[in-house]
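Below are the chains, spelled out letter by letter.
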Amino acid sequence: MKTFTTRENLSEYLEQLRGEGKTIGFVPTMGALHQGHLSLLALARQHTDKVVCSIFVNPTQFNDPKDLDKYPRPIASDTEKLLLAGCDVLFNPGVNEMYARNEHWHLEIGELEHLLEGKFRPGHYQGVTQVVYKLFDIVKPDIAFFGQKDYQQFLIIQKMVDMLHLPVKLVMCPILREADGLAMSSRNIHLSADDRQHALVLSKTLNWLKPNFDTNSIPILVRKCEEMIKAEPGVDLEYFEIADGDNLRPANQNTKNIVALVAAKVGKTRLIDNVSLQ
Ligand code: AMP
C-alpha cells in the first residue's frame, strides 16, 4: 500500500495509474476504521482496479469543537487494517494540506440540507460537500463508495454530483452491524458499558418497525417508535422519521421508497441509524 500526505504526490501517482488504464475506486473516511469501513473497501475492490482510501478528520463538518477534538485518530492501527484489507493507496493529508486560509464554500443544496441531521447539525453538510468535492477533485475516482449508515449524506453527495456534473458514480453500501444489532460507528468507542446496552434501542426499534410497517398508519408508527426510544434510560431522542428515501420528506401512503431514520444521544455520544422499509 502506498501512503500519500500531499495532493500533488497523490495526483501524480493516480495519473500514472489512469495512464495504465486502471479504474479507481474511492472510499473517503474519517478513520477509526471498523468492519463497516472495510466492507466499503471490499466492494470497491470488487468493482475497480485500484482502491484509494482517504483518512481525514474534516474540521469544517463539525459544528461542535469538542466533538472534533475528541474524534478518535488511531492512524497506526488504521494503516494496519487497510493493509490487511488490500487497500492500494491511503491518502492521509493534514488540515493545512486540504484548506488554504480564508476559504469560502457554499453549495445550494436546498431543503435536504436542513431536514433531519441538518436541523441538529447546522452547517454540517456544507462541510461535508466541501471536503468531498475537494477529495473527488484530487482523486478523480471512477466510483466512490459511501455507507447507507449516513443516508442523508449519500443523497446530498449524489445531489452535488448531479448539480455539478461531476464524472463519478456513487455506490451506496449496506450498514454493517455488531452481532447484537448496533450499527458500527467510530463513535461507539465513546459508549460506556451502560450506554452500549441502552444504544441497542435504536436498532431494536428499527427492527421492530420493519415487519410491523403495514400494521398501522405512518404517524401512529412514528409515535410508537418514539415512545419505545424515549422509554429507554440514558437515551435522548433527537428525531425519528419515516421518510421518502428520495428526498427525506415525511412519507405518506403513496411513497414508494421509504426509509426510517433515527438520531439520538446515548450518554454523551450522538448516534444515527436507519433502515429501508420497501
Ligand atoms: P466516517 O468515517 O464515519 O466518515 O465514514 C466513512 C464511510 O463509511 C461513510 O460512507 C459511512 O457511511 C461509512 N460507514 C460508517 N459506518 C458504517 C457501517 N456501520 N456500515 C457501512 N458503512 C459505514
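By convention here, each chain's residues receive numbers from 1 onward along its written sequence. Since the coordinates come from a predicted model, pLDDT governs what is reported: local features require at least 70, and pairs of side-chain atoms require 80 or more to be given and counted, while whole-chain, interface and lining totals use all residues. Only hydrogens and water are set aside when side-chain values are computed; all heavy atoms of the structure are taken into account.

*Asks:* Outline the layout of surface pockets, supporting the account with residue identities and numerical values.
*Replies:* With a probe scaled to a water molecule rolled over the atoms, the places where space remains empty come into view. A cavity here means a set of points on a 1 Å grid, drawn over the protein atoms and nothing else, where a 1.4 Å probe fits but cannot get out; a pocket is an open set with protein on both sides within 12 Å along at least five of seven lines, and a residue lines either one if it has an atom within 4 Å of a point. Grid points are joined across faces, edges and corners, and a volume is the space filled by probe spheres set on the points. Its volume calculated, the second largest pocket comes out at about 170 Å³. The wall of the second largest pocket is formed by 13 residues, among which I55, F56, V57, R73 and N92 lie closest to the centre. When residues are grouped by polarity, Ala, Val, Leu, Ile, Met, Phe, Trp, Tyr, Cys and Pro land in nonpolar, Asp, Glu, Lys and Arg in charged, and all others, Gly among them, in polar. Among the residues forming the lining of the second largest pocket, the class breakdown is 9 nonpolar, 2 polar and 2 charged.

*Asks:* Break down the nonpolar core for me, citing the residues and quoting the values.
*Replies:* Residues belong to one nonpolar core when they are buried, are Ala, Val, Leu, Ile, Met, Phe, Trp, Tyr or Cys, and are joined through side-chain atoms within 4.5 Å. Each residue gets one of three labels from its accessible area relative to the maximum for its type: buried under 20%, exposed over 50%, partly exposed in between, using a 1.4 Å probe on protein chains only. Grouped together as the largest cluster of nonpolar side chains are 45 residues, with contacts concentrated most on F136, L170 and L248. By definition, any uninterrupted DSSP run of H or I lasting at least four residues is a helix, any uninterrupted run of E lasting at least two residues is a strand, and each is numbered from the N terminus. Counting only elements with at least two residues in this core, the list comes to helix 1 (7-19), strand 2 (24-29), strand 4 (89-91), helix 7 (124-139), strand 5 (143-147), helix 8 (151-163), strand 7 (235-244) and strand 8 (258-266). Looking at this core, the element that brings in the most residues is helix 7, giving 8 residues. Apart from residues no more than four positions distant in its own chain, L170 is found in contact with F136, A144, F146, F154, I157, Q158 and V161. The next biggest cluster of nonpolar side chains, apart from the first, holds 27 residues, and it includes L182, F240, A264 and V266. Throughout, a residue-residue contact means that at least one pair of heavy atoms, one from each residue, lies within 4.5 Å.

*Asks:* An account of the side chain of S185 is requested, with residue identities and associated values reported.
*Replies:* Counting through the fold element by element, S185 comes out in the loop between strand 6 (169-173) and helix 9 (193-198). At 3.0 Å, the side chain of S185 and the backbone nitrogen of R187 are in polar contact. What S185 contacts, discounting residues up to four positions off in sequence, is H34 and K149. Here a polar contact is taken to be a pair of N or O atoms separated by no more than 3.5 Å, where protein atoms must pair a possible hydrogen donor with a possible acceptor and residues adjacent in sequence count only if both atoms sit in side chains.

*Asks:* Before we move on, can you summarise the site of the ligand with the specific residues and values?
*Replies:* In these notes, residues near a molecule or strand are those with any non-hydrogen atom within 4 Å of it. Taken together, 16 residues form the shell around the ligand, and within it M30, G147, D150, L176 and M184 come nearest. H37 has a polar side-chain atom sitting 2.9 Å from an oxygen atom of the ligand. To be clear on the numbers: accessible area is Shrake-Rupley with a 1.4 Å probe, and residue cover counts the displayed protein chains and nothing else. When the free accessible area of the ligand is taken as 480 Å², the share hidden by the protein chains comes to 92%. Elements that contribute at least two residues to the shell around the ligand include exactly strand 2, helix 2 (35-47) and strand 5. Looking at which element gives the most residues to the shell around the ligand, the answer is helix 2, with 3 residues.

*Asks:* Summarise helix 8; cite the residues concerned and give the values.
*Replies:* Take the number of residues in a helix, subtract one, and multiply by 1.5 Å to get its expected span. End to end, helix 8 covers 18 Å across 13 residues, agreeing with the expected 18 Å (1.5 Å per residue, within 8%). Listed as buried for helix 8 are Y151, Q152, Q153, F154, L155, I156, I157, M160 and V161. Turning to helix 8, the residues buried within the fold contact helix 6 (117-120), helix 7, strand 5, strand 6, strand 8 and strand 9 (269-276). After helix 8 finishes, the residue H165 shows a positive phi value of roughly 50°.

*Asks:* Give a description of the sheet that holds strand 6 that names residues and reports values.
*Replies:* Here a strand pair is declared whenever DSSP counts at least two bridges between the two strands. Taken in spatial order, the 6 strands line up as 1-4-3-2-5-6 in an open sheet, and their pairing is parallel. Looking along the sheet, the strands with just one partner apiece sit at the ends: strand 1 (2-4) and strand 6. Sheet twist, expressed as the average angle between the axes of neighbouring strands with direction ignored, equals 25°. In this sheet, strand 4 lies alongside strand 3 (residues 50-55) in parallel orientation, the contact comprising 3 bridges. When the bridges of strand 4 are listed, S54 appears paired with F91. Under this scheme, a helix contributes an axis fitted over its contacting stretch, all axes are lines through C-alpha atoms, and angles between N-to-C directions fall in the 0 to 180 degree range.

*Asks:* Lay out the pattern of salt bridges with the relevant residues and their values.
*Replies:* The salt bridge definition used is simple: a Lys or Arg side-chain nitrogen within 4 Å of an Asp or Glu carboxyl oxygen. By the definition in use, this model includes 9 salt bridges. Taking the shortest distance from any N to any O, the salt bridge between R177 and D273 comes out at 2.8 Å. Here D273 lies in strand 9 and R177 lies in the loop between strand 6 and helix 9, a separation of 96 residues in the sequence. For R177, a relative accessible area of 30% corresponds to the partly exposed category. Note on D273: relative accessible area 4%, which makes it buried.

No statement about biological role is implied by the geometric values presented.
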